[in-house]
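Fold and contact review
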Amino acid sequence: MNANISLSLKNHKKRVHFINEDRQRYYSSVAATDKAEPLITNDTVHIEGRSYPVDELTNVTPSILLKTTRRLHLHVSHPISILRNLIEQHYPNFQHLNTLSPIVSTAQNFDDLGFPEDHPGRKTTDSYYINKDTMLRTHTSAHQLQVLRSGADKFLISADVYRRDEIDSSHYPVFHQMEGVQVFDIEEAEAQVAQDIAKNQGQVSSMSQVQTADPTVITEKNPIQSCHPIDAGNAVGQHLKHSLNGIVRTLFKEEKELRVRWTDSYFPFTSPSWEMEVFYEGKWLEICGCGVILQEIMNNAGRPNQIGWAFGLGLERIAMVLFGIPDIRLFWSQDSRFLSQFTNNKIIKFHPFSKYPSCIKDISFWLGSGEFHENNFCDLVRDIAGDLIEDVKLVDEFTHPKNKRRSLSYRMNYRSMDRNITHEEINEIHGRIGEEVQKKQGVILR
């Protein structure tokens, strides 16, 4: 995102209108939308040609709404789109759905998938709400039920998703997921799985040096659903892992000694559930969550005699490894020095064009009587600093021995991906962050 745009938005207190002249500069292959840019007033959010009343849950920010117009996964020769296309080629017999709106109901995002009322994902500190009934999707699974109801047996959904998160080189409040779903007949699942695996076995075994570790086992904490025959549940889980191991071996066939591991997990809408991780830059990165679809979802889709699996791939995490992209902010760069390096359908390693110097500032404050959540603080920082903020880390925590007041100190690293920044402009941004955090989160600067 153009940092000047995001910063200027804060100057409009009553009405925020987005103007992004650079959005199509390097992406002439994607037609400009004829819908008005997002607009926020005191009582309404206008987005994608519709108006939504704001209420007590509204927390979507101007800079986040601006991202809904970008659709990186549809831009030919962008790393996210290249990766999407390569995965779709691996699943040629699946329906490929890429243009579903990011605006969903809270029922689609949570209730239809069996999220309990107290699930942390529902909190305003974790998700972006337009209002209590409408939000920006937090995962592509928000569309799973509606596509299953259409009768599709095999499909991929690629889309931008939105979550409030920490600030560092591998986290960003907008990222891209690919949802994969395949459905089998419960009574025929074992035979269908065996036939499918046999058909693809030669292709998978001939590929790559990927080291895969899978210590997972079915347990009471991660069970086959009681409504599923054990053999069918095991077969579908085996097919899911086979499918994902295959795509990882295909994508990473040029990577030397890549390490992949499976771990047990929990998701409200699958059981059993697993995560797939890759070892990159000295740490394990989760790239996929998956499992056997909760049968209640299949029943609600009008498919009680079928069983299916689902996965959700994090495209940025995979692309960072494949293309050698060190900072997740780069995906949003409109600098031609970044964008011109990539070619559709090819994995080309990123060559850094420069690493501009950083500017480090600290901010310390006493917490007020209200609740303080770090995601709220990071969201405020991002909304003011845009992509100039590289990371935010808690470096000190102190409780006063007498009055028991708590103090936090954060180190904030500012760095542009495409130009030099000055201490003057960062001082101005940092000062505004101090003003806003006092005003909106009730803290007292030290």
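Preceding this paragraph is the structure being described.
Here we summarise the structure given alongside this text. Everything numeric in this text was worked out from a predicted model, so none of it was measured. (Residues numbered from 1 in each chain as written. Predicted model: local features only at pLDDT ≥ 70, side-chain atom pairs only at ≥ 80, totals over all residues. Heavy atoms only, no water.)

**Looking at the overall build of the protein**
Secondary structure summary: the protein contains 12 helices and 19 strands in total. Taking 2.2 N^0.38 as the reference for a compact globule, 446 residues should give roughly 22 Å; the C-alpha atoms of the protein span a radius of gyration of 23 Å, in line with that estimate. If you line up the protein on its principal axes, its C-alpha atoms span 65 × 50 × 45 Å. Buried positions account for 57% of the 446 residues belonging to the protein. Partitioning the contacts of the protein with sequence separation of at least 6, the portion at a separation of at least 24 is 70%. Looking at the protein as shown, the accessible area adds up to about 19,900 Å², and 47% of this sits on carbon and sulfur atoms. On the protein, the mean spot of the 50 positive side-chain charges and the mean spot of the 57 negative ones are 5 Å from each other. (Helix = DSSP H or I, 4+ residues; strand = E, 2+ residues; numbered from the N terminus. Rg over C-alpha atoms; globule rule 2.2 N^0.38 Å. Buried < 20%, exposed > 50% of the residue type's maximum accessible area, 1.4 Å probe, protein only. Contact = heavy atoms within 4.5 Å. Areas by Shrake-Rupley, 256 points an atom, 1.4 Å probe, with all protein chains shown as cover. Lys, Arg positive; Asp, Glu negative; His and termini not counted. Charge placed at Lys NZ, Arg CZ, Asp CG, Glu CD.)

**A short note on the environment of Ile 157**
Along the polypeptide, Ile 157 turns up in strand β9 (residues 154–162). Each C-alpha atom, one on Ile 157 and one on Arg 415, is 34 Å from the other, the two residues being 258 residues apart in sequence. The residues touching Ile 157, leaving out its near neighbours within four places in the chain, are Leu 97, Leu 100, Thr 140, His 143, Val 147, Gln 177, Met 178 and Glu 179.

**What to know about the packing of helix α11 (residues 374–385) against helix α12 (residues 423–441)**
When two helices pack together, their arrangement is given by the angle between their axes and by how far apart the axes lie. As a packed pair, α11 and α12 sit with axes 10 Å apart at the nearest point and diverge in direction by 140°. It follows that α11 is oblique to α12 by the angle criterion. Between α11 and α12 lies a crossing whose hand is right-handed. Here Asn 376, Phe 377, Leu 380, Val 381, Ile 384 and Ala 385 of α11 lie close against α12, whose contacting residues are Ile 429, Arg 432, Ile 433, Glu 436, Val 437, Lys 440 and Gln 441. Each residue belonging to the contact of α11 with α12 can be placed in one class, and the counts come to eight nonpolar, two polar and three charged. (Axes fitted to C-alpha atoms, helices over the stretch in contact; angles between N-to-C directions. Parallel < 35°, antiparallel > 145°, perpendicular 65-115°, else oblique. Left-handed = near helix turned anticlockwise from the far one by under 90°. Nonpolar A, V, L, I, M, F, W, Y, C, P; charged D, E, K, R; others polar.)

**With respect to the sheet that holds strand β8 (residues 134–136)**
An order of β6-β8-β7 is seen for the three strands of this open sheet, with the pairing classed as antiparallel. Unpaired on one side and paired on the other, β6 (103–105) and β7 (129–131) mark the two borders of the sheet. Recorded for the sheet is a direction-independent mean angle of 30° between the axes of neighbouring strands. (Pairing = 2+ DSSP bridges.)

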